[in-house]
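Per-entry structural report
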Amino acid sequence: MTTTLDKSEEQASPSDGPKPLFEGKRNLATQIAVYMFIVLPFAALIAAVPLLWGWGLSWLDVGLALFFFYFSGLGVTVGYHRLFTHNSFKAKRPMRIMLAIMGSMAVQSPPITWVADHRRHHAFSDREGDPHSPWLFGTSPWALARGFWHAHMGWIFERDVTNKQRFAPDLMADKDIVRVNKLFVLFTVLTFLLPALIGGLATWSWWGALTAFFWAGFVRVAILHHVTWSTNSICHMIGERPFKSRDKAANFWPLAILSFGESWHNLHHADPTCARHGVQRGQIDTSARLIWIFEKFGWVYDVRWPTEQRLARLAVGKD
Ligand SMILES: [Zn+2]
Ligand SMILES: [Zn+2]
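Rules of the game
- Residues numbered from 1 in each chain as written.
- Chains lettered and ligands numbered in written order.
- Predicted model: local features only at pLDDT ≥ 70, side-chain atom pairs only at ≥ 80, totals over all residues.
- UniProt positions renumbered as here; feature names shortened; annotations may be inferred.
- Helix = DSSP H or I, 4+ residues; strand = E, 2+ residues; numbered from the N terminus.
- Contact = placed C-beta atoms within 7 Å.
- Core = buried A, V, L, I, M, F, W, Y, C linked by C-beta atoms within 7 Å.
- Buried ≥ 20, exposed ≤ 12 C-beta atoms within 10 Å, placed from the backbone.
- Axes fitted to C-alpha atoms, helices over the stretch in contact; angles between N-to-C directions.
- Parallel < 35°, antiparallel > 145°, perpendicular 65-115°, else oblique.
- Left-handed = near helix turned anticlockwise from the far one by under 90°.
- Nonpolar A, V, L, I, M, F, W, Y, C, P; charged D, E, K, R; others polar.

An unreviewed UniProt entry lists the protein chain under the name Stearoyl-CoA desaturase (Delta-9 desaturase), from Kibdelosporangium banguiense. You can read under Sequence similarities (unreviewed entry) in the UniProt record for the protein chain the words "Belongs to the fatty acid desaturase type 2 family."

Here it is, written out as structure tokens:
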């Protein structure tokens, strides 16, 4: 039990007085923005299918979409998740700021909000208080369908705001992160405008700007949203559980590449501060590879890599 206890959970424990789970309700403007930025990219994803047939997609659009997919996606997995939420490594100041900006460009919420929600997820995983567990409604087929929807995206529309003072006091005291947090709207605009700008300049046409805006902006954000949400829904429902975790987190291999290694979610819940989630043979973990490259350059340090002994201790059946 103590071996699986995460540093962030210790911070989250109410030892310093019982701070409430929530700090209030979202205001209406934020609530409308949440609907807009969740529903619009998804509508774009659906519109993408007829558009794909024969026109409106160039190799430049594909390249830009891939680039921004990796840029913002790794910002979430390496930055928001493994660095800011779990402190699985330390990063030099420019690297920290860069990762916070990259993560912001995934349009999943500002860094401090994301971290507070995610630490609450680990503190209560698959129990009352978990912001996005699929198991809160029961185990009948209907309850599971409802649970899947809630864990995947339903939870995002709930208006309770996770208490940042309780779950992310370290980041609230970090001036750089607070600054990036405040500029979230700017990075949201940039994540759609930058592909359009590059597409427009490279083809010297409005049409090139429009298709890049559509593919590398909206469609890319929509796909990335669903990949990230799949970790919360699918990876808490189906897959293998070779390691001891006190929840339903599972390793779901089909999402390994798309999710940058985050779908090795069973190991992650068994050992939240570990910098590598795909620890077994052949388990591709792009995020861990990037952290490894950054470490070689000296931009990050004190990386918590898995050790044989630790993994053996966490394995199911060994106690
Ligand atoms: Zn989880
Ligand atoms: Zn986590």
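This part takes up the environment of isoleucine 198. Examined against the element boundaries, isoleucine 198 turns out to sit in helix H10 (residues 184-203). Spatially, the C-alpha atoms of isoleucine 198 and phenylalanine 68 are 12 Å apart, while their sequence positions differ by 130 residues. Those residues within four positions of isoleucine 198 in sequence are excluded, and the remaining contacts are Leu64 and Ala212.

Moving on, we come to the nonpolar core. Residues Ala65, Val115, Ala212 and Val219 are the most contacted members of the largest nonpolar core, which totals 63 residues. Put simply, the parts of the chain that give this core at least two residues each are helix H3 (59-85), helix H4 (93-104), helix H5 (111-123), helix H9 (175-182), H10, helix H11 (206-232), helix H12 (265-270) and helix H13 (286-297). Here the element with the most residues in this core is H11; it accounts for 12 residues. Apart from the residues lying within four places of it in its own chain, the contact partners of alanine 212 are Leu60, Asp61, Leu64, Pro195, Ala196, Ile198 and Gly199.

Let us look at the UniProt feature "transmembrane region" (unreviewed entry) in the protein chain. Here the UniProt feature "transmembrane region" (unreviewed entry) sits at residues 32-56, 62-83, 178-198 and 204-223. A distance of 29 Å separates the end C-alpha atoms of residues 62-83, which is 100% helix and 0% strand. For the annotated span residues 204-223, helix accounts for 90% and strand for 0% of the residues, and the straight-line distance between the end C-alpha atoms is 27 Å.

Running from amino to carboxyl end, H3 crosses H4 at an angle of 120°, the nearest separation of the two axes being 7 Å. Between H3 and H4, the crossing angle belongs to the class labelled oblique. The chirality of how H3 crosses H4 is left-handed. Residue-level inspection shows Phe71, Ser72, Leu74, Gly75, Val76, Val78, Gly79, Tyr80 and Leu83 of H3 in contact with H4, the latter providing Leu99, Ala100, Met102 and Gly103. Classifying every residue of the contact of H3 with H4 by side-chain character gives 9 nonpolar, 4 polar and no charged.

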